[in-house]
Amino acid sequence: FSPGSGRLLPYDLLYADGVRAYFARDWPRAAELLQRALHSYSQLLVARRGCQGRCREEAGFAGPPAAPSWETRFFDRILQRAECLGECLGRRLGSEPSLHRASREIQEDFEQREPYNYLQVALFQLKKLDEAVSAAHTFFVANPQHLQMREDMEKYQRMAGVKLESFRDLQATLYWEAYETGVQQYNVEDYLQAAVKLEESLEEVLLALEDCRALCEGPQEDGTEEEMQPGLYEAIAAHYIQVLKCRQHCVLEVATKPARVSATDDFIPSHLVLLQFAYDQVGNQALAAECAASYLLFYPSDELMLEKMKKYQAELGEGASMTARENIQRYVQRSLMEKKLIYYAVEHLGGTFNDPDPWTPDELIPGSLKQKHRENREKQRLENLDVGEQEQRGPFTFEGITVAMDSHQLNGSQRVVFDRVLTDSECKDILRLAKLAQDGTVNWRDATLLLHASEKSRKIVESYFTPGKRLHFSFTHLVCRTAVEGEQDGRMDLSHPVHADNCLLDPEGKECWREPPAYMYRDFSGILYLNDDFHGGDLFFTEVDAVTVTAQVRPKCGKLVAFSSGRENPHGIWAVTHGRRCAIALWYTLSPEHAEQERMEAEDLMRQGDMEQELSHTDVKEHMGTDHSGGASPEPPVPKGRARSTSQRRMSGSESGQQPQKLRARDEF
Ligand SMILES: O=C(O)CCC(=O)C(=O)O
Ligand SMILES: [Fe+3]
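Residues numbered from 1 in each chain as written. Chains lettered and ligands numbered in written order. Predicted model: local features only at pLDDT ≥ 70, side-chain atom pairs only at ≥ 80, totals over all residues. Heavy atoms only, no water.

Turning our attention to the packing of aromatic side chains. In total, this model carries 30 aromatic pairs according to the counting rule given. Measuring from centroid to centroid gives 6.4 Å for Phe23 and Tyr118, while their planes differ by 75 degrees, and the two rings are edge-to-face. Of this pair, Phe23 sits in helix H1 (residues 11–23) while Tyr118 sits in helix H5 (residues 114–125), placing them 95 residues apart in sequence. A residue is classified by how much of its surface remains accessible, and Phe23, at 44% relative accessible area, is partly exposed. Residue Tyr118 is classed as buried on the basis of its relative accessible area of 1%. Summarising the aromatic geometry, the rings of Phe465 and Phe524 are spaced 4.9 Å apart at their centres and angled 20 degrees between planes, so their arrangement reads as stacked. A residue pair is termed long-range when its members are at least 10 positions apart, and Phe465 in helix H18 (residues 444–465) and Phe524 in strand S7 (residues 524–529) qualify at 59 residues. Under the relative-accessibility criterion, Phe524 is labelled buried at 7%. (Phe/Tyr/Trp six-rings, centres within 6.5 Å; stacked < 30°, edge-to-face > 60°. Helix = DSSP H or I, 4+ residues; strand = E, 2+ residues; numbered from the N terminus. Buried < 20%, exposed > 50% of the residue type's maximum accessible area, 1.4 Å probe, protein only.)

This is how it looks when you write it as structure tokens:
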């Protein structure tokens, strides 16, 4: 980086242009703009860090403010520092710093490495395979739950001409590698190497922490709009406390591996424990003692460590210094000071503080907050314990049927998977029906079996989701999706796009519109699977953005997936790449007016033994979706959701087992 090295364009504008070019399939332009956006973003971070560090010193903030007329002096420095920051950033960026303030959404995209997803497609199209793989890998590291990217990665791995070295993380945080290598070596008792790696990691962690903290001094987050405008000191205090909390949070930030949700506990102290032991093992008592002393700054009454200190004292002699590392001392002191201020503010001005450190001394937490602190911990603990839906619902009693996964395990709400709803032979019989339906010869026993299977599912779903309230059939059909023969490697598409069953999904607006042509009266959906001898075709749930996959279900004979039909459960099906996937799709409603007329008729007819019309409520759908579109050459991977969002919105309302299909299917019987 060189100051004054030309103008930096705001990353959000570059990103928007890049995505536009992407949708226009202008790959060279898309790749260039996306790369420039990523560069601009990282340069902005570099400039912010650099300026914050420099202006801290320049405006005399290194030392304490002087005593006389402290207010004018204090604000004098504040103003100097603000001026310094604005000027420094403006110079480094070559433009007005406020131009570089992107919306929260865009910032999140960059934090989630979203641009790399577009970039990898553009690079793939440009046949820059190695670069495409690095971009894809970089995205995947931060988004391992992204199933489409997982498939893309597998595809890249199989592709001839892709080098192993290309699978690299372009935004790697170096210390994780050092830390993990260090721990590995520690575990195989190679303490010398372990110490080298762990020292390297610790140094990098502390640097990363400073980087993170520097970024806390950004513009104030809003969310105070409705409140009265605070006065000068209230405003300063509120913003300052926000900065302090952000800085404190950095410990968790650096201790959280990309894509992980939770941080490694006590990341910095645990470096010291490992180092202490490693140095001890290689006979370097002085360094071992230094690490022990440093660790004791976090946990001053740790008996084991105190024991060790005694031992070192004896071994090294009275004269040995045995003090903690200076950088760790500074770190702990600074952190304690920040915590004190934050706790003071929380006690007297309100607000909350989730202390990231388990080592905070008890006496630092104000008495009135201790109780709350404990309650919070307890609440969190209970939340983690997962009060299963079953417990709230009372016991679930169906002979032989088990709840394989509940909402919690499926990462969402109102979702469930049951197993063993059908036996293997029941599945076989119904599958034969699907086949026969094509030729128009349907066996009465099979048809009854189909009705029974769907009625059994209805009872199960009713007793699970709406006990005491009657759940009516809204629509039922038997659906098979078949893959074409031949090359399927490049298949990245979906057999059924992401949709919700009772509303029109609008991923961009993060909305789901309950309006026609959606089947608004559908309240619950069920899918009873009949086979698993096919490739692909897994059902998956996403968040309302239609992009973030939250759970996936592999179909299998007798497995019943059920969920509420609304915005909380967008779902889709991956392409069936081999074989034929059959399922009974079932929709239920709480409103009797919308109960499936035909089903009731079918049941009546069944009772009367009328063979001709018995299946009139059932739609046998073959070759539906896009399963026939597989080409011979690998198709480009597509960022899921986004690239399809327009067609998705169009399809989502009309794709979920719609009546026109039903009429057509009836002709087939
Ligand atoms: O077959 C499946 O797994 C899901 C089908 C579905 O979501 C639908 O038809 O609305
Ligand atoms: Fe559906």
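The next subject is the sheet that holds strand S9 (residues 539–542). Here 4 strands make up an open sheet; going across it, the order is S4-S12-S9-S10 and the pairing antiparallel. The strands lining the two open edges of the sheet, one partner per strand, are strand S4 (494–499) and strand S10 (549–553). Between one strand and the next, the sheet's axes are offset by a mean angle of 25 degrees, whatever the strand orientation. Note that S9 and strand S12 (residues 571–574) share 3 bridges and pair antiparallel. Counterpart to Phe541 in the pairing with S12 is His571. Of the strands in this sheet, S9, S10 and S12 touch helix H7 (residues 147–158), which is tilted by about 15 degrees from S12. (Pairing = 2+ DSSP bridges. Axes fitted to C-alpha atoms, helices over the stretch in contact; angles between N-to-C directions. Contact = heavy atoms within 4.5 Å.)

So, on to the pattern of salt bridges. Tallied over the full model, the rule gives 25 salt bridges. In this structure, Glu87 and Arg91 form a salt bridge, with 3.3 Å as the shortest nitrogen-oxygen distance. Of this pair, Glu87 and Arg91 both sit in helix H3 (residues 70–93), 4 residues apart, roughly one helical turn. Here Arg554 and Asp538 are joined by a salt bridge, their closest N and O atoms 2.6 Å apart. Of this pair, Arg554 sits in the loop between S10 and strand S11 (560–564) while Asp538 sits in the loop between strand S8 (534–536) and S9, and the two are 16 residues apart along the sequence. (Salt bridge = Lys/Arg side-chain N within 4 Å of Asp/Glu carboxyl O.)

Burial within S4 is extensive, with 6 of its 6 residues counted as buried. Bridge count between S4 and S12: 3 bridges; the pairing is antiparallel. In the strand pairing of S12, His499 is matched with His571.

So, on to the state of the cysteines. A covalent bond between the sulfur atoms of two cysteines is what we call a disulfide. In this structure the tally under the stated criterion is 7 disulfides. Residue Cys51 pairs covalently with Cys88 via a disulfide, S to S 2.0 Å. The chirality of the disulfide connecting Cys51 with Cys88 is left-handed, given an S-S dihedral of about -80 degrees. Taken together, the residues Cys51 in helix H2 (residues 27–58) and Cys88 in helix H3 connect sequence positions 37 residues apart. Here Cys212 connects covalently by a disulfide to Cys250, the sulfurs 2.0 Å from one another. Handedness here is read from the sign of the S-S torsion; for Cys212 and Cys250, about -85 degrees, the answer is left-handed. Of this pair, Cys212 sits in helix H9 (residues 191–214) while Cys250 sits in helix H10 (residues 232–254), and the two are 38 residues apart along the sequence. (Disulfide = S-S within 2.5 Å.)

Another point: the coordination of the iron ion (ligand 2). Donor atoms from the polypeptide that coordinate the iron ion (ligand 2) comprise His499 (NE2), Asp501 (OD) and His571 (NE2), at 2.0 to 2.2 Å from the metal. For the iron ion (ligand 2), the single-chain donor residues occur in sequence as H-x1-D-x69-H. In this pair, His499 is assigned in strand S4 and His571 in strand S12, connecting sequence segments 72 residues apart. His499 sits in the buried class, given a relative accessible area of 3%. (Donors = N, O, S within 2.8 Å, 3.2 Å for Na, K, Ca; no water.)

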